[in-house]
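# Architecture at a glance
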Amino acid sequence: HYPLRRQRQMCIRDSLSIAVLRKYLFKKVYMHDGTPALEAGSSSGSGGEPEIEIYCRDNKLSPDLSLDEINREYWQVPDDLVLTYQVVFSDKEPKV
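Residues numbered from 1 in each chain as written. Predicted model: local features only at pLDDT ≥ 70, side-chain atom pairs only at ≥ 80, totals over all residues. Heavy atoms only, no water.

This part takes up the nonpolar core. The tendency in soluble globular proteins is for nonpolar side chains to be buried side by side. Residues I18, I54, L61, I70 and L83 are the most contacted members of the largest nonpolar core, which totals 18 residues. The set of elements that each furnish at least two residues to this core consists of α1 (18–30), β4 (50–56), α2 (67–75) and β6 (82–89). The element best represented in this core is β6, accounting for five residues. Apart from the residues within four sequence positions on either side, L61 is in contact with I18, I54, Y55, C56, I70, Y74 and L83. (Core = buried A, V, L, I, M, F, W, Y, C linked by side-chain atoms within 4.5 Å. Buried < 20%, exposed > 50% of the residue type's maximum accessible area, 1.4 Å probe, protein only. Helix = DSSP H or I, 4+ residues; strand = E, 2+ residues; numbered from the N terminus. Contact = heavy atoms within 4.5 Å.)

Spelled out as structure tokens, the structure:
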């Protein structure tokens, strides 16, 4: 898992959903100028479609959760909210 830290300097709405965060991470982590940024052997064994999974305290988060809900339900401490993510490759064939 790679850490994501919601820093106090960042202006992120608490209503931001995990689905939006996953899309953002996919663009930043996996895609670079429209081409894959990850090496084929880095996290994958199959070379299938990549998916970003986001976790809080080792709990996989549902895409419909907001940062506010995660803070209340999973984090529950006054420190900065820390999320981690993992790139997982599915065995599905690419969509054409």
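Now that the structure is up, let's keep going.
With that settled, consider the side chain of S17. With respect to the secondary-structure elements, S17 resides in the loop between β1 (2–5) and α1. Leave out the neighbours within four places in its chain, and S17 touches P63, L65 and S66.

Okay, unusual backbone geometry next. Phi is positive for R57, close to 50°, though the residue is something other than glycine. Along the chain, the position of R57 falls in the loop between β4 and β5 (59–60). A positive phi angle is found at D58, which is not glycine, with a value near 65°. Structurally, D58 can be placed in the loop between β4 and β5. Residue D58 is classed as exposed on the basis of its relative accessible area, which comes to 67%.

Moving on, we come to the environment of L61. Tracing the sequence through the fold places L61 in the loop between β5 and α2. Look at L61 and you get buried, because its relative accessible area is 5%. For the pair L61 and Y74, spaced 13 residues apart in the sequence, the C-alpha separation amounts to 9.5 Å.

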